[in-house]
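Reading the structure
Residue-level listing of the chains:
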Amino acid sequence: MDSFLWVVRVGAIILLIWGVTGTVVQGLSGQGPTGEAWRDLVVAGIAQGAMYGLIALGYSMVYGVLGFINFAHGEVFMSGGMVGFFVANYLWEVRLWENNFVLAILLVLLSSILTSTLVAVIVERIAYRPLRASPRLIPLITSIGISFFLQYTFAGLFGVAVKNYPPPPDSLRSRISLLGLEIEGSKLLVIVVAVATMVGLYLFVEKTRTGRSIRAVAEDKEIAALMGIDVNRTIVATFAVGGAMAGVAGTLWALLFRGVSFITGFLPGIKAFTAAVLGGIGNLPGAMAGGVLLGLFEGVGPQLVLAGFGIPGVSQLKDVVAFTALVLVLIFKPTGLFGERLSAEDRA
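Residues numbered from 1 in each chain as written. Predicted model: local features only at pLDDT ≥ 70, side-chain atom pairs only at ≥ 80, totals over all residues. Heavy atoms only, no water.

What to know about helix α9 (residues 209-219)
Which entries qualify depends on this criterion: Only protein chains enter the calculation, and the probe is 1.4 Å; a residue is then buried if its accessible area is under 20% of its type maximum, exposed if over 50%, and partly exposed in between. Helix and strand labels come from DSSP, where a helix needs a run of H or I of at least four residues and a strand needs a run of E of at least two; each type is numbered from the N terminus. Comment: arc refers to directions from the helix axis out to C-beta atoms. In what follows, a contact means two residues having at least one pair of non-hydrogen atoms within 4.5 Å.
Here α9 has its buried residues at G211, S213, I214, V217 and A218. Along the axis of α9, the buried positions cluster into a sector of 160 degrees, meaning they face one direction only. Buried residues along α9 sit against α2 (35-66), α8 (185-207), α10 (221-226) and α11 (231-257).

Below, the structure is given as structure tokens:
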């Protein structure tokens, strides 16, 4: 088996070098994207990856305290984006969206966060808490069922058509000069909000009493309970914080793509799970970094590697690149780029 893996590793490295070399040769001969196009690909990748990172935090936090993957987390993200659409649409009708966009987007963000947090806490209380003593396969399968339940509940309540947010103001659609780089305003806003949210979460987990309780429960629930920590309340707090991060991501999704529907959470949810594994499951900084890296792989990878083989329409293959990157990382470093952080029970 080890010999087979080494053959796969060597083959992957050769293909990567071959593809990148082909792209460089094309660039030197005047073919391929311009420097401005590469810049736009990188910025778009970072913006999308930052959004993946926010969703991935929910996967990583829940895995840290309960030891299973909550596949319904993508729908928690979708619920925030969907309710945010109705708030944004109302603010557009009363012209607040046009006249005071900052206040309007803050109200949308607040509604999205509240919705996703509420959905995450309700799911934990109704679906997962009764199964806490069950084998892990049971809550894992339950999470898949909850995912479909939430999808079709929203489809039944709000319809299956894609709902488009109102257009952002001209300042977000035009380019802004930052350190000599011309960056689209909406992408710059997404990156700034995502970084600020990630820093806030890191400080919350590291510096607050609730954050320390979450880390203690993630390390060992029984010892944490003996130390006086309310495990149930801490698990609810974990779901609430993960839901809030998904709510922020729902608003960022609206800024980037504008359209939401009942299946909006499926693919970003899978990508965010990929990002969490990429960075190291249970590792919060790893989830953040994994999201950004996955976005970069998606944004730059098709042009950087696949175009070198002369494959047409490589921009349509970004999902292939994203999941191939995950496979390669797991082949070279199975614990993720930044290492897993597992509980005492999981390590045993």
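From this point, the narrative continues.
Looking at the pattern of salt bridges
To keep things clear, this is the line we draw: Just to be clear on terms, a salt bridge is a Lys or Arg side-chain nitrogen sitting within 4 Å of an Asp or Glu carboxyl oxygen.
Counted according to the given criterion, the structure contains nine salt bridges. One salt-bridge network, held together by shared partners, links E124, R129 and R132.

Examining the nonpolar core
Heads up, the rule is: Only buried residues count toward a nonpolar core. Its members are Ala, Val, Leu, Ile, Met, Phe, Trp, Tyr and Cys residues joined through side-chain atoms within 4.5 Å.
Counting residues in hydrophobic clusters, the biggest one holds 80 residues, and the most contacted among them are L54, L57, Y128, L201 and L252. Broken down by element, this core gets its largest block of residues, 15 residues, from α2. If we skip the residues at most four places from it in the chain, L252 touches M51, L54, V190, V193 and A194.

A few points about the packing of α2 against helix α3 (residues 73-93)
We apply this condition: Between N-to-C directions, angles cover 0 to 180 degrees, with each direction set by a line fitted to C-alpha atoms, over the stretch in contact for helices. With respect to orientation, any angle under 35 degrees is reported as roughly parallel, any angle over 145 as roughly antiparallel, any angle of 65 to 115 as roughly perpendicular, and every other angle as oblique. Each crossing gets its hand from how the near helix is turned against the far one by less than a right angle, where anticlockwise is left-handed and clockwise is right-handed. Gly is placed with the polar residues, together with every amino acid not listed as nonpolar (Ala, Val, Leu, Ile, Met, Phe, Trp, Tyr, Cys and Pro) or charged (Asp, Glu, Lys and Arg).
Here α2 crosses α3 at 135 degrees, and the two axes come no closer than 10 Å. Of the possible angle classes, the one that applies to α2 and α3 is oblique. As α2 packs across α3, the resulting crossing turns out to be right-handed. Counting all contacts with α2, which are made through I55, G58 and Y59, the residues of α3 involved are H73, G74 and F77. Among the residues forming the contact of α2 with α3, the class breakdown is three nonpolar, three polar and no charged.

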